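# Results of the structural survey
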Amino acid sequence: LKIVALAGGTGAAKFLRGLVAVADPSDVTIVGNTGDDLELWGLSISPDLDTVMYTLAGRVDEAKGWGVANDSFHVRAAMARLGCDTFFALGDEDIATHLHRTERLRAGLTLSQVTDELRTKLGVRSPILPMSDDRVRTRVKTPGGWLDFQEFFVRDRCGPDVVDVRYEGAERSRVAPGVIEAIHTADVVILCPSNPVSSVGPILAVPGVLGALVETTAHVVAVSPIVGGAAVSGPAAKMMRAKGLEVSVAGVARAYEGLLDALVVDTRDGAFAEDLRATGTSVVVTDIVMADRTREIALAQDVLKSAP
Ligand code: GDP
């Protein structure tokens, strides 16, 4: 079974850890969001690609859901003493990843090439493709003005109201090599349980991706990041409202309108299933909160079972 997974960071990473336990990891091609990439201290940082990579490598900090387990923060402390911006926490081992990425990008490699090198060096068997090698930046409009995604997410801890979200640079970005081919030749395409606006939205905004999802003969299935009318974690609710989407599985279905063969929702949202089925989407009702490894694996199995 050839599988393509469109992925953000933390929600996607947990799901993918379950998926590679039930499918051959080398048959799972991950297309990662780069809309929340940033530059700090001269380093090129790709938080979502790294969260997925560290998680599949078994190196992620489980408590935080990002960064490397048991990392130290000496560099960050020293940068703070120098008066540098330290709002975005980078551990020392994590910094090695960003130093390496930055060095290789400066040597002329593309983000796709560097990402493939990094995941291979970390022993991750699933290809991880950034959505684009071009710069795309998710920006968040608040009553105080436009913020970079990480200013909103990390520095301001998702506090400000969200008025709008845009994907700067997406329109003229080129989809990364291999993404369209992977979607076209896949048996199953999974939209991971990720923020529909800030994680999957930027991937869908890269020209060519939507068309490929519509055209592919693959079974296209999404796992809802919304359970019982709220996000399991993070600012998905605020961001969905800003995009005129109801914070519910119906809102998730609307965000992916025209793309899905199936939507996987939580038992708490079983009541919505009939309404959704009426729109022609098949609905799988199961426990979609990944509280532990067993649930991650069970969810991955349920998602694959939704395919004919
Ligand atoms: P981010 O870049 O870290 O925000 O990464 P994602 O977008 O992949 O992950 C955040 C999203 O995952 C949020 O919208 C959460 O509601 C969702 N999420 C987190 N944990 C779970 C879970 O256990 N089950 C489901 N269904 N969704 C989850």
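Analysis parameters
Residues numbered from 1 in each chain as written. Predicted model: local features only at pLDDT ≥ 70, side-chain atom pairs only at ≥ 80, totals over all residues. Heavy atoms only, no water. Pairing = 2+ DSSP bridges. Helix = DSSP H or I, 4+ residues; strand = E, 2+ residues; numbered from the N terminus. Axes fitted to C-alpha atoms, helices over the stretch in contact; angles between N-to-C directions. Contact = heavy atoms within 4.5 Å. Buried < 20%, exposed > 50% of the residue type's maximum accessible area, 1.4 Å probe, protein only. Salt bridge = Lys/Arg side-chain N within 4 Å of Asp/Glu carboxyl O. Near = heavy atom within 4 Å. Polar contact = N/O pair within 3.5 Å; in protein donor to acceptor, adjacent residues only side chain to side chain. Areas by Shrake-Rupley, 256 points an atom, 1.4 Å probe, with all protein chains shown as cover. Nonpolar A, V, L, I, M, F, W, Y, C, P; charged D, E, K, R; others polar. 1 Å grid on protein atoms, 1.4 Å probe; cavity = no way out; pocket = protein on both sides within 12 Å on 5 of 7 lines; lining within 4 Å. Points joined across faces, edges and corners; volume = space filled by probe spheres on them. Phe/Tyr/Trp six-rings, centres within 6.5 Å; stacked < 30°, edge-to-face > 60°. Lys NZ or Arg CZ within 6 Å of the ring centre and 35° of its normal.

## Topic: the sheet that holds strand β10 (residues 219-223)
Strand order in the open sheet formed by 7 strands is β5-β2-β1-β9-β10-β13-β14, and the pairing between neighbours is parallel. One side of each edge strand has no neighbouring strand; the edge strands of this open sheet are β5 (128-130) and β14 (282-286). Strand-to-strand, the axes of this sheet are offset by a mean angle of 20°, without reference to chain direction. Relative to β5, helix α2 (residues 47-56) is tilted by about 175°, and along the sheet it contacts β1 (3-7), β2 (28-32) and β5.

## Details of the pairing of strand β9 (residues 188-191)
Covered by surrounding structure in β9 are Val188 and Ile190 together with Val189 and Leu191, the residues of both alternating faces. Pairing analysis gives 4 bridges linking β1 to β9, with the strands arranged parallel. Opposite Ile3, over in β9, you have Val188 as the bridge partner. Strand direction decides the pairing type here: β9 and β10, joined by 4 bridges, are parallel.

## A closer look at the side chain of Thr97
With respect to the helices, strands and loops of the structure, Thr97 is situated in helix α4 (residues 92-106). Residue class for Thr97 comes out buried when judged on its relative accessible area of 8%. Residues within four places of Thr97 in sequence aside, it is in contact with Asp50, Met53, Tyr54 and Leu118.

## Some remarks on the pattern of salt bridges
According to the stated counting rule, one finds 23 salt bridges in the structure shown. Each of the salt bridges in this network shares a partner with another, and the network as a whole consists of Arg17, Glu62, Arg293 and Glu296.

## Considering the sheet that holds strand β7 (residues 145-148)
An order of β7-β6-β8 is seen for the 3 strands of this open sheet, with the pairing classed as antiparallel. The open sheet terminates on both sides in strands that have one partner only, identified here as β7 and β8 (164-168). Ignoring which end each strand starts from, the neighbouring axes of this sheet average 30° apart. Where strand β6 (residues 137-142) and β7 come together, 4 bridges link them in antiparallel fashion.

## Here's the deal with the site of the ligand
In the region of the ligand, 21 residues are neighbours, and Ser194, Asn195, Ser199, Ile288 and Met290 sit closest. Lys14 places a polar side-chain atom, nitrogen or oxygen, 3.0 Å from a nitrogen atom of the ligand. The contact in question runs from an oxygen atom of the ligand to an N or O atom on the backbone of Ser233, over 3.3 Å. For the ligand, whose unbound accessible area comes to 590 Å², protein coverage reaches 95%. No other element matches helix α1 (residues 10-22), which puts 4 residues into the shell around the ligand. When grouped by side-chain class, the residues that make up the shell around the ligand number 9 nonpolar, 9 polar and 3 charged.

## Re empty space enclosed by the protein
In this structure the tally under the stated criterion is 1 cavity of 30 Å³ or more. Surrounding the largest cavity, Asp61, Lys64, Trp66, Gly67, Val68, Asp71, Phe73, Ala89, Leu90, Gly91 and Asp94 form its lining. Residue classes in the lining of the largest cavity are distributed as 5 nonpolar, 2 polar and 4 charged.

## Topic: the packing of aromatic side chains
Enumeration according to the criterion identifies 2 aromatic pairs in this entry. Ring plane angle 75° and centroid distance 6.3 Å describe the contact between Phe87 and Phe88, whose orientation is recorded as edge-to-face. The class of Phe88 is buried, set by a relative accessible area of 10%. Ring centres of Phe149 and Phe153 lie 5.1 Å apart, and the angle between their planes is 20°; on these two criteria the pair is classed as stacked. Of this pair, Phe149 and Phe153 both sit in helix α6 (residues 149-155), separated by 4 residues, roughly a single helical turn. Over the ring of Trp66 we find Lys64; its NZ or CZ atom is 4.8 Å from the centre of that ring. The ring of Trp146 has Arg166 sitting right over it, with the charged end atom 4.2 Å from the ring centre.

Coordinates in, geometry out; function isn't part of it.
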